[in-house]
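Structural characterization, general
Residues per chain, in single letters:
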Amino acid sequence: MVQQHKLLVVLMALVFGVVAGCSDTKADTGSQPPPAPKPSARPSTTPLAAPPADGDLPRGGRQIFPKYQLVGYVGLPGSPALGPLDKDLEAKASQLETLSKAYAGSRTPLPVMELIVVVANGHAGKDGQYRSRLPDAKIQDYLAVARKHRMLLLLDIQPGRADILREVKVLQRWLKEPDVGLAFDPEWAVGPGQVPGKVFGHTTGAELDSIAAYLAGLVAQYKLPEKAFVFHQLSVRIVSNEKALKQHPGVQIIKSVDGIGGRVDKESTWRKLTTTMAPGVHTGFKLFYKEDTRHGALMTPAQVLALKPRPEFVVYE
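Described below are features of the structure shown in this document. In this text the structure is predicted, and so the values were computed from the model without any measurement.

Moving on to the pattern of salt bridges. Taken as a whole, this structure holds 17 salt bridges when the rule is applied. With a closest N to O distance of 3.2 Å, K148 and E90 form a salt bridge. Residue K148 is located in helix α3 (residues 136-148), and its partner E90 is located in helix α2 (residues 89-101); the two are separated by 58 residues in the primary sequence. A salt bridge links E267 to R263; the shortest N-O distance between them is 2.9 Å.

For the structure on display, the rule yields four aromatic pairs. A ring pair is formed by Y73 and Y289, whose centres lie 6.5 Å apart and whose planes are at 65°; its orientation type is edge-to-face. With a gap of 216 residues between them, Y73 in strand β1 (residues 68-75) and Y289 in the loop between β10 (282-287) and α8 (301-305) connect regions that are remote in the sequence. Take Y73: its relative accessible area is 5%, and that puts it in the buried class. Under the relative-accessibility criterion, Y289 is labelled partly exposed at 34%. Seen in terms of ring centroids, Y103 and Y316 are 6.5 Å apart; in terms of plane orientation they differ by 65°. Their pairing is edge-to-face. Taken together, the positions of Y103 in the loop between α2 and β2 (108-120) and Y316 in strand β11 (residues 313-316) put the pair 213 residues apart, joining distant regions of the chain. Per residue, the accessibility class of Y103 equals that of Y316, and both read buried. By way of ring pairs, the aromatic residues Y73, Y103, Y289 and Y316 are connected into one cluster. Here R173 stacks its cationic end above the ring of W174, 4.2 Å away from the centre of that ring.

Along the chain, Q129 falls in the loop between β2 and β3 (131-133). In the structure, Q129 is positioned 32 residues away from R161 in sequence and 4.8 Å away in space, judged by C-alpha atoms. Of the polar contacts made by the side chain of Q129, one reaches the backbone nitrogen of A162; its length is 3.2 Å.

Cut-off values and rules
- Residues numbered from 1 in each chain as written.
- Predicted model: local features only at pLDDT ≥ 70, side-chain atom pairs only at ≥ 80, totals over all residues.
- Heavy atoms only, no water.
- Salt bridge = Lys/Arg side-chain N within 4 Å of Asp/Glu carboxyl O.
- Helix = DSSP H or I, 4+ residues; strand = E, 2+ residues; numbered from the N terminus.
- Phe/Tyr/Trp six-rings, centres within 6.5 Å; stacked < 30°, edge-to-face > 60°.
- Buried < 20%, exposed > 50% of the residue type's maximum accessible area, 1.4 Å probe, protein only.
- Lys NZ or Arg CZ within 6 Å of the ring centre and 35° of its normal.
- Polar contact = N/O pair within 3.5 Å; in protein donor to acceptor, adjacent residues only side chain to side chain.

Put into structure tokens, the structure is as follows:
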């Protein structure tokens, strides 16, 4: 299976000086990957619109499911290897709006901008945590566009060696907003002495539960609408004791199945990973514009929606 070659490909990525996102493979190695973002005090030049009226979700109400079908793009500024949200946000928002309608069915489409705000690196960095953080000014730029188009913003974390809950808490000023959720890429969460990309990262159901509990506390404290919490998974080994993940008031937990390959391989990964879910967890499905199409045609919305259970969040990288 394609996923068995993942570590070899990522090691190639490290030679080029960057770990490539939350996909199984790196972007085309013929072009120089962009450097990891550096902290900056530069203020955002994008005016930040007011949050949704009455503290609701961007398109109304305070509950995500079953009303909404979530459809998203992933990205990092200046990094086309990591998804379509690298630049031209107004154009990408328009494309995402159109795409989301193809998945609506009987639901209301709710587009999602999933911004990678903590990026795993193949080098230690000044604090030895093997990750870089996106400046607040960039997060504000993306939130401004999301609000203009009435979309959710998800903040995606690839923590490297850093403690995941600590990285989540660093983002509290954004997570207090009614239209900002969280995503976690545990394949890039490594232990002491490990380097992202040289080994698979890992998390546990208990660790995921601690994140969900923290988000539930924010929802209660600030009287927020339901908050989306997505964790990405590409193989069984990435999450252990998943059943320790419990339901928490005000938090909708979504497991995004991220297997790469042709349709047969992706559906096989889907079947394996959707049988291990804890009660109350919703399903998500990721499609890769480059990596998937190296193995055949990209799955269509109709093919994705035919999966059982139905993916309630579909995201494109």
